[in-house]
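Listed below, chain by chain, are the residues.
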Amino acid sequence: MSPVGVLESLRVPDELLARVPAEDRGSGRDDVRLLVSRGTAVSHHAFRELPGQLRAGDVLVVNTSPTLPAAVDGRLGAERLVVHFSTRGDLPPGRGQEGERWVVELRAPDRAGSTRQRAGGPAGARIRLPGGGKLVLEEPLEHGGAAGGRLWWATASVDVAGLMRRYGRPIRYRYTERDQPLSAYQTVFALPTPDGSGSAEMPSAARPFTEPLVAELVRRGVQFAPLTLHTGVASAEAHEPPYPERFEVSEATAWLVNAARAGGGRVIAVGTTAVRALESASGPDGVVRAASDWTDLVVTPGRGVRAVDGLLTGLHEPEASHLLMLAAIAGEEALACGYTRALEHRYLWHEFGDVHLILPDDLVTDRVA
């Protein structure tokens, strides 16, 4: 079977879905497992052993976007809804500054305290929000498909950041056991933004990092390069490619990444969001330049990567579009090998689960199964 066929045939059993944060299962956030792939060579570690897998001169690129309490209850007539606020957009020309425009997903609450799929729309629907605000649906997002598509543009009559702070909670998917506080969805790298923007879903690859581990990595000569990409909602049921998201790469981060590559250091992205932002700021020559914009980049094996040498990421469902990016970095054969080993050794999936470090295979000496 081809590597692509192997990946497509993999099925993650329910018992390997991480249902609670690592600190509820063990001794802390960093009490997760670390699968390390160098080509088709695979080894197994505790995440606290990460410093031993890196070397002085390596740069870890981290996303500083904070996670928002993006799930807010609402009503459409007599129907109870949960609104997932995904991505803040710009108001169309001529509308002035009235209201805020957002990409939203409407979900139906279930009896377990989570949500299930619901068709979007209809256009013109007025959703009542807590505190007296209104949300008016406008049109489906282009990537959302037909009129009943999952994601819609909508205009809110209220300050959405304030609404989320007062009434919101983190987006929770059905494989998790219960609601968690917002702090459980913030990474050690998260920084507040002046306008209250952030990510609808946690940049989860960075979740296991702790301040002592960051200090140990710095002591060993590993550098950190911050950037920002505000990620929107994913779909637990339909694995669409990501739609346009806001990102920013600073002059300092561009310089640090370019200097590391010129000096023989490896650039390792922490999470697929960091890859998307950094690759959006890199030219065909592989040079990273400061940028602040929207990105619709989808990294695939055909496109390849220009600025990233490795990736630290969570474990994704075999159907997820993220796997195209992982295959672009690791190669399809190596990725299939890593995921096969992850299932055999019963690694945990999703945002509260274990993590996968994909490195170039230039340091391989022995193969470990």
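Numbers given to residues run from 1 along each chain, matching the order in which its sequence is written. Residues qualify for local features only when their pLDDT is at least 70, as the model is predicted, and side-chain atom pairs are given and counted only at 80 or more; totals for whole chains, interfaces and linings, by contrast, use all residues. Each side-chain value is derived from all of the structure's non-hydrogen atoms; neither hydrogens nor water enter the calculation.

J.: In this structure, what is going on with the sheet that holds strand E16 (residues 355-359)? I would like to understand it.
T.: Pairing is mixed across the open sheet formed by nine strands, whose spatial order is E2-E1-E16-E15-E13-E3-E11-E12-E14. Because the sheet does not close on itself, it has two edges, and the strands there are strand E2 (41-46) and strand E14 (291-295). Here the strands of the sheet are splayed against their neighbours by 20 degrees on average, with no regard to which way each runs. Most of the contacts of helix H7 (residues 272-280) go to strand E11 (residues 223-229), to which it runs at about 85 degrees, and overall it touches strand E3 (59-63), E11, strand E12 (245-249), strand E13 (267-270), E14 and strand E15 (310-314). Strands in contact with helix H8 (residues 322-330) are E15 and E16; relative to E15, the strand with the most contacts, it is inclined by about 150 degrees. Note on pairing: two strands pair once DSSP finds at least 2 bridges between them. Secondary structure counts use DSSP, requiring at least four H or I residues in a row for a helix and at least two E residues in a row for a strand, with both numbered from the N terminus. Between N-to-C directions, angles cover 0 to 180 degrees, with each direction set by a line fitted to C-alpha atoms, over the stretch in contact for helices. We call two residues in contact whenever any of their non-hydrogen atoms come within 4.5 Å of each other.

J.: Which parts of the structure should I look at to understand the pattern of salt bridges?
T.: Pairing between side chains of opposite charge can happen when the charged atoms of each approach one another. Basic side-chain nitrogens of Lys or Arg form a salt bridge, by our definition, when they fall within 4 Å of a carboxyl oxygen of Asp or Glu. Taken as a whole, this structure holds 23 salt bridges when the rule is applied. Linking Arg303 and Glu279 is a salt bridge whose minimum nitrogen-to-oxygen distance equals 2.5 Å. Here Arg303, found in the loop between E14 and E15, pairs with Glu279, found in helix H7; they are 24 residues apart in sequence, far enough to count as distant. Each residue is assigned to one of three classes by its accessible area relative to the maximum for its type, calculated with a 1.4 Å probe on protein chains only: buried under 20%, partly exposed between the two thresholds, exposed over 50%. When its relative accessible area of 1% is taken as the criterion, Glu279 is described as buried.

J.: Which parts of the structure should I look at to understand the side chain of Gln180?
T.: Relative to the helices and strands, Gln180 resides in the loop between helix H4 (160-167) and helix H5 (211-219). In this view, Gln180 contacts Val20, Pro21, Asp24, Pro170, Tyr185 and Phe352; residues no more than four positions away in its chain are not counted.

J.: How should the nonpolar core be read in this particular structure?
T.: Nonpolar side chains tend to gather and get buried jointly when the protein is soluble and globular. Working definition of a nonpolar core: buried Ala, Val, Leu, Ile, Met, Phe, Trp, Tyr and Cys residues. They are joined through side-chain atoms within 4.5 Å. Residues Val61, Phe85, Ile127, Leu135, Leu278 and Trp349 are the most contacted members of the largest nonpolar core, which totals 84 residues. The element contributing the most residues to this core is H8, with six residues. Residues in contact with Leu135, not counting those within four places in the same chain, are Val83, Phe85, Val104, Ala125, Arg126, Ile127, Leu129, Ala154, Thr155 and Ala156. In this structure, Val36, Leu54, Ala206 and Leu359 belong to the second largest nonpolar core, which totals 24 residues.

J.: How do you make sense of H4 when you look at a structure like this?
T.: Side chains three or four residues apart in an α-helix point the same way, a direct result of the helix having 3.6 residues per turn. Among all positions of H4, only Val160, Ala161, Gly162, Leu163 and Met164 are buried. Contacts made by the buried residues of H4 are with strand E4 (71-76), strand E5 (79-89), strand E6 (100-109) and strand E10 (151-156). Identification of polar contacts relies on pairs of N or O atoms within 3.5 Å, with a donor-acceptor requirement for protein atoms, meaning one able to donate a hydrogen and the other able to accept it, and with residues adjacent in sequence counted only if both atoms are side-chain atoms. N-cap assignment for H4: the residue whose side-chain oxygen lies 3.4 Å from the backbone N of Ala161 is Asp159.

J.: Is there a simple way to think about the packing of aromatic side chains in this case?
T.: Within a pair of aromatic rings, the relevant descriptors are the distance that separates the centres and the angle that separates the planes. Stacked, tilted and edge-to-face are the three classes applied to pairs of Phe, Tyr and Trp rings, where Trp contributes its six-membered ring and a pair requires centres within 6.5 Å; stacked means planes under 30 degrees apart, edge-to-face means over 60, and tilted covers the rest. Per the stated rule, a full pass over the model turns up seven aromatic pairs. Here the aromatic rings of Phe85 and Trp102 are separated by 5.7 Å at their centres, their planes lie at 85 degrees, and the arrangement is edge-to-face. With a gap of 17 residues between them, Phe85 in strand E5 and Trp102 in strand E6 connect regions that are remote in the sequence. When its relative accessible area of 5% is taken as the criterion, Trp102 is described as buried. Aromatic side chains Tyr185 and Phe352 sit 5.4 Å apart centroid to centroid with 55 degrees between the ring planes, which places their arrangement in the tilted category. In this pair, Tyr185 sits in the loop between H4 and H5 while Phe352 sits in the loop between helix H9 (332-344) and E16, placing the two residues 167 residues apart along the sequence. Of the two residues, Tyr185 and Phe352, neither departs from the other in class, the shared state being buried.

J.: Teacher, can you tell me more about the environment of Asp31 here?
T.: With respect to the helices, strands and loops of the structure, Asp31 is situated in the loop between helix H2 (22-25) and strand E1 (33-38). Owing to a relative accessible area of 33%, Asp31 belongs among the partly exposed residues under this scheme. For the pair formed by Asp31 and Phe209, sequence separation is 178 residues and the distance between their alpha carbons is 9.9 Å. If we ignore the near neighbours within four places in the chain, the residues touching Asp31 are Ala22, Gly26 and Arg48. Within polar-contact distance, the side chain of Asp31 engages the backbone nitrogen of Ser27 at 2.9 Å.

J.: What exactly am I supposed to notice about the packing of H8 against H9 here?
T.: Each packed pair of helices is defined by two parameters, the angle between the axes and the distance between the axes. At a minimum axis separation of 7 Å, H8 and H9 run at an interaxial angle of 115 degrees. On the basis of their axis angle, the class for H8 and H9 is roughly perpendicular. H8 and H9 meet at a crossing whose hand is right-handed. Contacts between H8 and H9 involve Leu323, Leu326, Ala327 and Ala330 from the first element and Glu332, Ala334, Leu335 and Tyr339 from the second. Looking at the contact of H8 with H9, its residues break down into seven nonpolar, no polar and one charged. The scheme is simple: roughly parallel for angles under 35 degrees, roughly antiparallel for over 145, roughly perpendicular for 65 to 115, oblique for anything else. Whether a crossing is left-handed or right-handed is set by the direction in which the near helix is turned from the far one by less than a right angle, anticlockwise for left-handed and clockwise for right-handed. Three residue categories are used. Nonpolar comprises Ala, Val, Leu, Ile, Met, Phe, Trp, Tyr, Cys and Pro, charged comprises Asp, Glu, Lys and Arg, and polar comprises the others, including Gly.

J.: So what exactly am I meant to see when it comes to the pairing of E2 here?
T.: Moving residue by residue along a regular strand, the side chains alternate between the two faces of the sheet. Of the pairings in the sheet, the one linking E1 to E2 comprises six bridges and is antiparallel in character. Of the residues in E2, the one forming a bridge with Ser37 is Val42. In this structure, the hairpin formed by E1 and E2 is closed by a connection of two residues, where Gly39 is found at a positive phi of approximately 65 degrees.

J.: Looking at this structure, how should I read the side chain of Arg276?
T.: Structurally, Arg276 can be placed in helix H7. What Arg276 contacts, discounting residues up to four positions off in sequence, is Leu229, Pro242, Tyr243, Pro244, Glu245, Thr295, Asp296, Leu297 and Met325.

J.: Honestly, the environment of Val257 in this entry has me stumped. Any pointers?
T.: Secondary-structure assignment places Val257 in helix H6 (residues 251-262). C-alpha of Val257 to C-alpha of Arg289: the two residues are 32 residues apart in sequence and 9.7 Å apart in space. Setting aside anything within four residues of it in sequence, one finds Val257 in contact with Val61, Ala225, Val267, Leu278 and Val288.

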